[in-house]
Amino acid sequence: MYSYMICGIGGGYITLKEDGQRAGGVRKIYWGHDFTKVLEIIKNLEIDPQGGAYILDENDIPVAIDIQNVKDGCITIGYGHILQTEEDIEKYGFGEWKEEILGNIKALYNGGNLPYDNAYINNIIKMQKEKMERAGIDNPAILPINEAEEILMGDVKERYLIALKQGFGFTDNQIDALTCNIFNA
């Protein structure tokens, strides 16, 4: 907080207004747009603090997010990131069930009946966890909070670009609302 810079144009000096060290105090600004509010809204919608998706440390502070089935027959990691590409499925250790997962996603997007029910998807998650435990390695689909937030930011940026095209002339708040809506859809 004692740092400062001399302004190269007006000769005055520039000081810090906030140190940015408080938890939750860091704003997420990209492309000149502040995504902080959007990210918080989505995180609160995607994860119920009492729902058991968070993995807590000894002080009950969330450190990671467990694999989830969001009750629509999809496997998600982090904050609602659906495994829906071959690359994602392989990266997060579900390659053994790639065809089943992609079959579910295809049916979901086509508006048809899902070929596998929630019990089946939950069983895939259970088998995945057991396989990793037997191998004595960490499950790559159980994400540390910082990794989950990076993936969420990437997902939100994609939806934001769609919202900008669809909501031409909207205010920033309207674009944020549309971004959240597109993400949740």
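Above: the structure in question.
The rules we used
Residues numbered from 1 in each chain as written. Predicted model: local features only at pLDDT ≥ 70, side-chain atom pairs only at ≥ 80, totals over all residues. Heavy atoms only, no water. Core = buried A, V, L, I, M, F, W, Y, C linked by side-chain atoms within 4.5 Å. Buried < 20%, exposed > 50% of the residue type's maximum accessible area, 1.4 Å probe, protein only. Helix = DSSP H or I, 4+ residues; strand = E, 2+ residues; numbered from the N terminus. Contact = heavy atoms within 4.5 Å. Expected span 1.5 Å × (residues − 1). Arc of directions from axis to C-beta. Pairing = 2+ DSSP bridges.

Asks: How should the nonpolar core be read in this particular structure?
Replies: Most often, soluble globular proteins keep nonpolar side chains buried together rather than apart. Among the nonpolar cores identified, the biggest contains 34 residues, and I75, Y79, Y92, F94 and V156 are the most heavily contacted of them. Contributing elements (two or more residues each) for this core: α1 (36–46), β8 (75–77), α4 (118–135), α5 (145–166) and α6 (172–184). Per element, the largest residue contribution to this core is eight residues, and it comes from α5. Not counting residues within four places of it along the chain, the set of residues in contact with Y92 comprises I77, L83, Q128, N139, P140, A141, L143 and I151.

Asks: Looking at this model, I keep getting lost on α4. Mind explaining?
Replies: Count 3.6 residues to each turn of an α-helix, and residues three or four apart come out pointing the same way. Helix length check: α4 (18 residues) gives 26 Å between terminal C-alpha atoms against 26 Å at 1.5 Å per residue, within 8%. Residues of α4 that are buried: I121, I124, I125, Q128 and M132. For α4, the buried positions fall inside an angular range of 95° around the axis, keeping them on one side. Structural note: α4 exposes A119, E133 and R134 on the side pointing more than 90 degrees away from its buried face. Its buried side turned inward, α4 meets β7 (68–69), β8 and α3 (98–109). Just downstream of α4 lies G136, where phi reads positive at about 70°.

Asks: What is the right way to look at the sheet that holds strand β10 (residues 143–144) in this model?
Replies: The strands that make up a sheet pair up through hydrogen bonds in the backbone, lying either parallel or antiparallel. Judged by pairing direction, the sheet is antiparallel, and its three strands sit side by side in the order β5-β6-β10 without closing on themselves. The open sheet has two edge strands, β5 (54–56) and β10, and neither has a second partner. As paired elements, strand β6 (residues 62–65) and β10 share two bridges and run antiparallel to each other. By the bridge assignment for β10, A64 is matched with P144.

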